Amino acid sequence: KAGVTQTPRYLIKTRGQQVTLSCSPISGHRSVSWYQQTPGQGLQFLFEYFSETQRNKGNFPGRFSGRQFSNSRSEMNVSTLELGDSALYLCASSNRDPNEKLFFGSGTQLSVL
Amino acid sequence: AQSVTQLGSHVSVSEGALVLLRCNYSSSVPPYLFWYVQYPNQGLQLLLKYTSAATLVKGINGFEAEFKKSETSFHLTKPSAHMSDAAEYFCAVSEGNSGYSTLTFGKGTMLLVSP
């Protein structure tokens, strides 16, 4: 069974640009969550999508957005990039069952220059 | 609001010694509690989780954690450290009513294991 797949693995952008990151969940999982990891702030929850609907949202500006497709794949978009957006972006998938666990991808390392 | 505090950004132990990583949480409702491990350039791997069943939770790789409600703690232990345990460890809390997939993480503790 394939794990959570995030693409691309590395990205370099400049300030003001926008970026789209992709996440393919484990087959059968309908929930996809996104997290930002930085040395200063640690791991912070961005948002969760379930059945193509945003179910929960963290405390991030509107420049951060996401969506989920009918096949449960998810994308997150960051517009008007700032230097502080440089981070590892992690995606996690689950079937939202408390008896199951959250599976994380290896992340996309975004560097904003 | 829920929060997690991990005491010590770095913990150093010798191979074979006891590992103790501390985690305290705050939550307005009975929480779900987790420990994750992250190896360099990788995502997070679940070590163990507490979901209101037994207070002593056994996880993978010989790790275990004990939920102590009176102390609001969920410390991670392993009797004998191995070199392969060197990694960063994160404690996390989820309030069931806010979504099982919505985790609040601690800042992490880097475990260093010396021979």
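One can find the structure itself at the top, above this paragraph.
Keep in mind the model is a prediction, meaning the values are calculated, not measured.

Caption draft 1: Inspection of the environment of Gly8(B) at higher detail. Residue and element names in this part refer to chain B. Looking at the secondary structure, you find Gly8 in the loop between strand E1 (3-7) and strand E2 (10-14). With 99 residues separating them along the chain, Gly8 and Lys107 place their C-alpha atoms 9.4 Å apart. Setting aside residues no more than four positions away along its own chain, Gly8 makes contact with Gly108 and Thr109.

Caption draft 2: Fine view of the pattern of salt bridges. All names here are of chain A. Summed over all chains, the structure comprises six salt bridges over all chains. When the shortest N-O distance is used, the salt bridge between Arg67 and Glu75 registers 3.2 Å. Where Glu75 meets Arg73, a salt bridge forms, and the shortest distance between an N and an O atom there is 3.3 Å. Classification of Glu75 by relative accessible area gives buried; the value is 16%. Given a relative accessible area of 24%, Arg73 falls into the partly exposed group. A single salt-bridge network, built from bridges that share partners, covers Arg63, Glu82 and Asp85.

Caption draft 3: Region of the structure containing the sheet that holds strand E8 (residues 74-78) of chain A. Residues and elements named next belong to chain A. Reading across the sheet, the four strands line up as E1-E3-E8-E7 and stay open at both edges, with antiparallel pairing between neighbours. Edge positions in the open sheet fall to strand E1 (5-7) and strand E7 (64-68), since each of these has one partner strand only. Each strand of the sheet is rotated relative to its neighbour by a mean of 20°, with strand direction disregarded. With five bridges connecting them, strand E3 (residues 19-24) and E8 associate as antiparallel partners. Directly across from Leu21, in E8, lies its bridge partner Met76.

Caption draft 4: Region of the structure containing the state of the cysteines. All names here are of chain B. With the rule as written, the count across this model stands at two disulfides over all chains. Across a sulfur-sulfur distance of 1.9 Å, Cys23 and Cys91 are joined as a disulfide pair. The chirality of the disulfide connecting Cys23 with Cys91 is left-handed, given an S-S dihedral of about -60°. Of this pair, Cys23 sits in strand E3 (residues 19-26) while Cys91 sits in strand E9 (residues 87-95), placing them 68 residues apart in sequence. Each member of the pair, Cys23 as well as Cys91, carries the same accessibility label: buried.

Caption draft 5: Here's a closer look at unusual backbone geometry. Residue and element names in this part refer to chain A. Between Thr7 and Pro8 the backbone carries a cis peptide bond, its omega angle lying at -10°. Along the chain, Pro8 falls in the loop between E1 and strand E2 (10-13). Positive phi, close to 50°, is recorded for Ser51, a residue that is not glycine. Note that Ser51 resides in the loop between strand E5 (42-50) and strand E6 (53-57).

Basis of the calculations
- Residues numbered from 1 in each chain as written.
- Chains lettered and ligands numbered in written order.
- Predicted model: local features only at pLDDT ≥ 70, side-chain atom pairs only at ≥ 80, totals over all residues.
- Heavy atoms only, no water.
- Helix = DSSP H or I, 4+ residues; strand = E, 2+ residues; numbered from the N terminus.
- Contact = heavy atoms within 4.5 Å.
- Salt bridge = Lys/Arg side-chain N within 4 Å of Asp/Glu carboxyl O.
- Buried < 20%, exposed > 50% of the residue type's maximum accessible area, 1.4 Å probe, protein only.
- Pairing = 2+ DSSP bridges.
- Axes fitted to C-alpha atoms, helices over the stretch in contact; angles between N-to-C directions.
- Disulfide = S-S within 2.5 Å.

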